[in-house]
Amino acid sequence: MAKEKIVVIDDDHKIRAMLVRSLTYAGYTVLAAEDGLAGWELVVREKPHLVILDIMLPELDGFEVCRLLKEQVETTILMLTAKDDVKDRVKGLDCGADDYLIKPFALEELLARVRALLRRYKEMAERELVYEDLKINLDTYQVWRGEREITLTAKEFELLSFFMKNPRQILPREKIMDAVWGYDYEGESNVLEVYMGYLRQKLEEAGEKRLLQTVRGVGYVLR
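Structural notes, computed from the coordinates. (Residues numbered from 1 in each chain as written. Predicted model: local features only at pLDDT ≥ 70, side-chain atom pairs only at ≥ 80, totals over all residues. Heavy atoms only, no water.)

Considerations on unusual backbone geometry
For residues other than glycine, phi is negative in most cases, and the peptide bonds are mostly trans. Cis peptide bonds are those with omega within 30 degrees of zero, and the linkage from Lys103 to Pro104 qualifies with -5°. With respect to the helices and strands, Pro104 occurs in the loop between strand E5 (99-102) and helix H5 (107-126). Backbone geometry at Lys47 places phi at a positive 50°, although glycine is not the residue there. Locating Lys47 in the fold gives a position in the loop between helix H2 (36-46) and strand E3 (50-54). We note that Glu59 has phi near 75°; this positive angle belongs to a residue other than glycine. As for its position among the elements, Glu59 is in the loop between E3 and helix H3 (62-72). (Helix = DSSP H or I, 4+ residues; strand = E, 2+ residues; numbered from the N terminus.)

Set out below in structure tokens:
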């Protein structure tokens, strides 16, 4: 199983080295940067699961880095700073930080917060399904094809979700009907074909390639 990736952004060499050493020993893949600009570029490039971010940084301060990252990368952010003023904590959280730890800190507490944030990241990731350039959010019912957001009806979303949970699997027509409409469905016999047509039309509206493929005599597959 791939290790969870963490980026540490702190201009204090001793703290940065200690965090890299401790987190690596705890089993994580750890990368580090010593200023805000280099850290922002590193996170955008590496897309880590978690960022440990100091506030007082050269080039770009932690607040600005946090704001930029929340617009560009799906990650969790733990702000780490000597500033214990309530206004700074509120500002950090308003910028998008997921948690806040004040220096000096106990290593055990930092590791516990890292574990909690990574669990939260994993739970969030499991609520978003991605295949090729198609992404759906199971909580917000949003669907994207690349940068284009697509509006689906409840039944269209349920049907697409079933395919997204079973990518590359050839799904027999009966299995799809059972999962989406249920055993007791007594409506039109071609309802699946009709809804597949609706889905394809919306997913391919901007000329995108077809992902929902027909397997003749069997059913359909997302591939």
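A word on the sheet that holds strand E4 (residues 76-81)
Read from one edge of the open sheet, five strands run E2-E1-E3-E4-E5, paired in parallel fashion. One side of each edge strand has no neighbouring strand; the edge strands of this open sheet are strand E2 (29-33) and E5. Strand-to-strand, the axes of this sheet are offset by a mean angle of 20°, without reference to chain direction. When strand E1 (residues 5-9) meets E2, the two strands line up parallel, connected through five bridges. In the strand pairing of E2, Val8 is matched with Ala32. With respect to the sheet, helix H1 (residues 13-25) is in contact with E1, E2, E3 and E4, its orientation differing from that of E2 by roughly 170°. (Pairing = 2+ DSSP bridges. Axes fitted to C-alpha atoms, helices over the stretch in contact; angles between N-to-C directions. Contact = heavy atoms within 4.5 Å.)

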